[in-house]
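# Structure assessment
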Amino acid sequence: MRQESASADTLIPMEESDTNKTGVVGTEREDGGTGGEQTANMNTANSLKEDKTPSEKETRREQETEEGQTQVEVCRSVPDLQLSIIRDSDLFGYVGIEAVLEQMKLKTIKAGFEFNIMVVGQSGLGKSTLVNTLFKSKVSRKSCTANYEEKISKTVKLHSVTHLIEEKGVKMKLTVIDTPGFGDQINNKNCWEPITTYINEQYEKYLREELHVNRKKRIPDTRVHCCIYFLPPTGHRLRPIDVEFMRRLGTIVSIVPVIAKADTLTIEERLEFKERIRQDLASNGIHVYPQKEYDEDPEEFILNERIRGNIPFAVVGTDKEHNVNGNNVLGRKTKWGIVEVENVAHCEFVNLRDLLIRSHLQDLKDVTNNVHYETYRVQRLNESNMTFSELGFSTWPLENGTGARCDSDSHL
Amino acid sequence: MTANSRHKSRAPRPDDGEEKDYVGFATLPNQVHRKSVKKGFDFTLMVAGESGLGKSTLVNSLFLTDLHKDRKLLNAEERISQTVEITKHTVDIEEKGVKLKLTIVDTPGFGDAVNNTECWRPVTDYIDQQFEQYFRDESGLNRKNIQDNRVHCCLYFIPPFGHGLRPVDIEFIKALQDRVSVVPLIAKADCLMPSEVKRLKEQLREEIDKYGIKIYQFPDCDSDEDEEFKRQDKELKESTPFAVIGSNTVVEARGQRVRGRLYPWGIVEVENPSHCDFVKLRTMLIRTHMHDLKDITSDCHYENYRAQCIQSMTSRMNADKRVESPVPVPVLPLPTPDAETEKLIRLKDDELRRMQQMLQKMQQQMHEQDL
């Protein structure tokens, strides 16, 4: 990959995505090969023939109007403003607007991603193994600590390990935060407190950086983007400790519950268990990721609804490979068969991986940045009754006063 | 003598030569056997462990019954306020003319709450209560129909997800080890690979030694047993704690209908010794060691309890120095009796008082002798 000199242009935060689904203007519809690629080369410095990544990055909007007709659409964020949408075929030549996607992509690839994931659950539920399997490398605390002991610790201690992993030129700084000791004692009252404290501390750190007079170009992001909560495969319902934990943390971080060690449940038992868990979550008012409130458009809603009907995912993790029908697959070999981790008929590891990494990674970061962090920020600023004039800035109104996700949240 | 004459009248007449040496009390075991078959056996089994570890399923598999047909699972809200309960199910099983009155004592709610401090208290109280009841009955006047409700064995389910014994496991077994024979089991063993089972068993054995936990030990074979039996016994001892799998369903495997669990990747057969230790557990619990468990309960645990009880009673009486004090028997929450039973109770109490006075005198004598 060619090295470009770092350009000191406008500050584009790391969380920026090029899968912008909201937009004030127009569509992101990819034109079906009307010379788009060639013209892109003309406009950008490097002639990388990158394959257009599959449709996970681009959403298609179905428009039912005929070609060539300009359609007037009411912009959602600013009512009463009518815009006319001009199609490619109406332009008198190629302008090259869509090339900005390419530029954004390259920029973010260069800058790299940061992702912070926290795993919570009782000891022995396979947290470290699952994280290793997810990222196909030994990233968990177990694999990194020299004197790893599996003894149960008396208090909940948080332990984070950071790795730089690279795939196809894309660099990711992955931090895995482990919580040994959670739920292992006889009296587990308030065992979630160290965790909530940690999460809020990260928000506090980021807030302070953000409020500095001379801010760094890219604030190091240590906020927890996703928290995977491991449920033991009892087959019954949520336990009181599960309810307490998820209720408290569901409002400050995106929780993804999973059923650990799911190779002890038959398919029927698994479905019944999931149904009961969903009922328990609903009756306790717990919102896990993906939250219904933050779905922005019908497409996203449909996609997320499908996910919501399937959570919590029943997963099995392993780092051992076995030979099945001539292929080397990740699996657990028992006397009665081999449980294939990546086989959709066996367990839902693939679904979890796709959700976390392949389709919703950026969304997780967005929700953390736009929702959870903003909620924290508003709370803190109200608490300390700060106004920006005190800091020497010109006052500007807080956009997200209520903490609800706003449609005009585009970083372009 | 009477046995001799009885034998002579029943058995076919042997040769003259043999009659001289053969007394005939070798048939005593048969007589005992016949009497027991008529009387029937009773056995009380307690199952303890967190919910969702397959306790009820295992009990059903062991005794081929369905004791918990319409069980309602509580949701998390209801469980938050729940304390540990003790529930009892009694079922009469008959096989080849032998009757077994089986009582299963369940402990729902154990270890489920956020704060599980002293969650074993209801369990130990229950066991003590049964001992008290038996103690009272044994010391009473009418001892014909004593019901033995003492807990003979406690199966403790250890989750397979951990890395050994958790704090709550250690505390529970320690609280129970002197009251009942505890048999630890690894529950839901179908989520473990064979190497993991081995590792977990070693870990558990190590920790049991380390923390000084007393679990039920199989009695050693006599040296005159045959090799096969000794080998089996050794195998049994080496595979503790048993890793078990239970099932309520019958599936088709290898052309047969067996109890098992059907997964997309294979079928687990409960009764296949290479899949889990269920067969070993059943053999041990029912076929070979049931009587031993009962013996240990009555010879060891109950006697300990009784000695402790009497000790505390006499020491209390010595401290009071009042013979006319109300009888310090352990207080049982008995239902209000009618006039007839009231009289009986009063007679029993008098008897007890006299017994205690005698004990006291004996103790004083012993004390004087020592001096």
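Residues numbered from 1 in each chain as written. Chains lettered and ligands numbered in written order. Predicted model: local features only at pLDDT ≥ 70, side-chain atom pairs only at ≥ 80, totals over all residues. Heavy atoms only, no water.

## Re the overall build of chain B
What counts, and what does not: Only runs of H or I of at least four residues qualify as helices and only runs of E of at least two qualify as strands under DSSP, and these elements are numbered from the N terminus. Note on classification: 1.4 Å probe, protein chains only; a residue is buried when its accessible area is under 20% of the maximum for its type, exposed when over 50%, partly exposed between these limits. Every residue pair with non-hydrogen atoms within 4.5 Å of one another is taken to be in contact. Surface accessibility follows the Shrake-Rupley procedure with a 1.4 Å probe radius. Residue values consider only the protein chains on display as shielding.
A count of helical and extended segments in chain B gives twelve helices and nine strands. Buried positions account for 44% of the 371 residues belonging to chain B. Taking contacts inside chain B between residues at least 6 apart in sequence as the whole, the part at least 24 apart equals 69%. Looking at chain B as shown, the accessible area adds up to about 21500 Å², and 50% of this sits on carbon and sulfur atoms.

## Description of the interface of chain A and chain B
Threshold: When two components associate, each loses some accessible surface as probed by a 1.4 Å sphere; the sum of these losses over both components is called the buried area. Each salt bridge in this description consists of a side-chain nitrogen of Lys or Arg and a carboxyl oxygen of Asp or Glu lying within 4 Å of one another. Here a polar contact means two N or O atoms within 3.5 Å. Within protein one must be a hydrogen donor candidate and the other an acceptor candidate, and residues neighboring in sequence count only if both atoms are side-chain atoms. Under the scheme applied, nonpolar residues are Ala, Val, Leu, Ile, Met, Phe, Trp, Tyr, Cys and Pro; charged residues are Asp, Glu, Lys and Arg; polar residues are all the others, including Gly.
On the chain B side, the residues contacting the 44 residues of chain A number 44 residues. Buried area between chain A and chain B, summed over both chains or domains, comes out near 4000 Å², and the portion from carbon and sulfur atoms is 60%. It is I186, P240 and W336 of chain A in chain A that bury the most area against chain B; as a group they hold 22% of the surface buried on that side. Where chain A packs against chain B, one counts two salt bridges. Here R332 of chain A and E196 of chain B are joined by a salt bridge, their closest N and O atoms 2.8 Å apart. Seen at the junction of chain A and chain B, the total is eleven residue pairs in polar contact (both at pLDDT 80 or more). Only α6 (240-249), α7 (267-283), β10 (327-334) and β11 (337-340) of chain A provide two or more residues apiece to the side of chain A that touches chain B. Looking at the side of chain A that touches chain B residue by residue, the class counts come to 16 nonpolar, 14 polar and 14 charged.

## A look at the pattern of salt bridges
Residue and element names in this part refer to chain B. Taken as a whole and assessed by the stated rule, the structure comprises 38 salt bridges over all chains. The closest approach of N and O atoms between R166 and E50, which form a salt bridge, is 2.8 Å. Of this pair, R166 sits in the loop between β4 (153-158) and α7 (167-176) while E50 sits in the loop between β1 (41-48) and α4 (55-63), and the two are 116 residues apart along the sequence. Overall, R166 belongs to the buried group, its relative accessible area being 11%. R179 is the salt-bridge partner of D128, the closest N and O atoms lying 3.0 Å from each other.

## Here we look at the confidence of the model for chain B
Residue and element names in this part refer to chain B. What counts here: Every residue gets a pLDDT, meaning the predictor's confidence in that residue, from 0 to 100.
The predicted model of chain B averages 79 in pLDDT, with 83% of residues at 70 or higher. Element-level pLDDT for chain B is lowest in helix α1 (residues 2-10), with a mean of 46, against a maximum mean of 92 in β4. Within the model, pLDDT remains below 50 along residues 1-12, and this stretch shows six contacts once partners closer than five positions in the same chain are excluded. On the interface metric, ipTM, the complex scores 0.71, and its pTM is 0.71.

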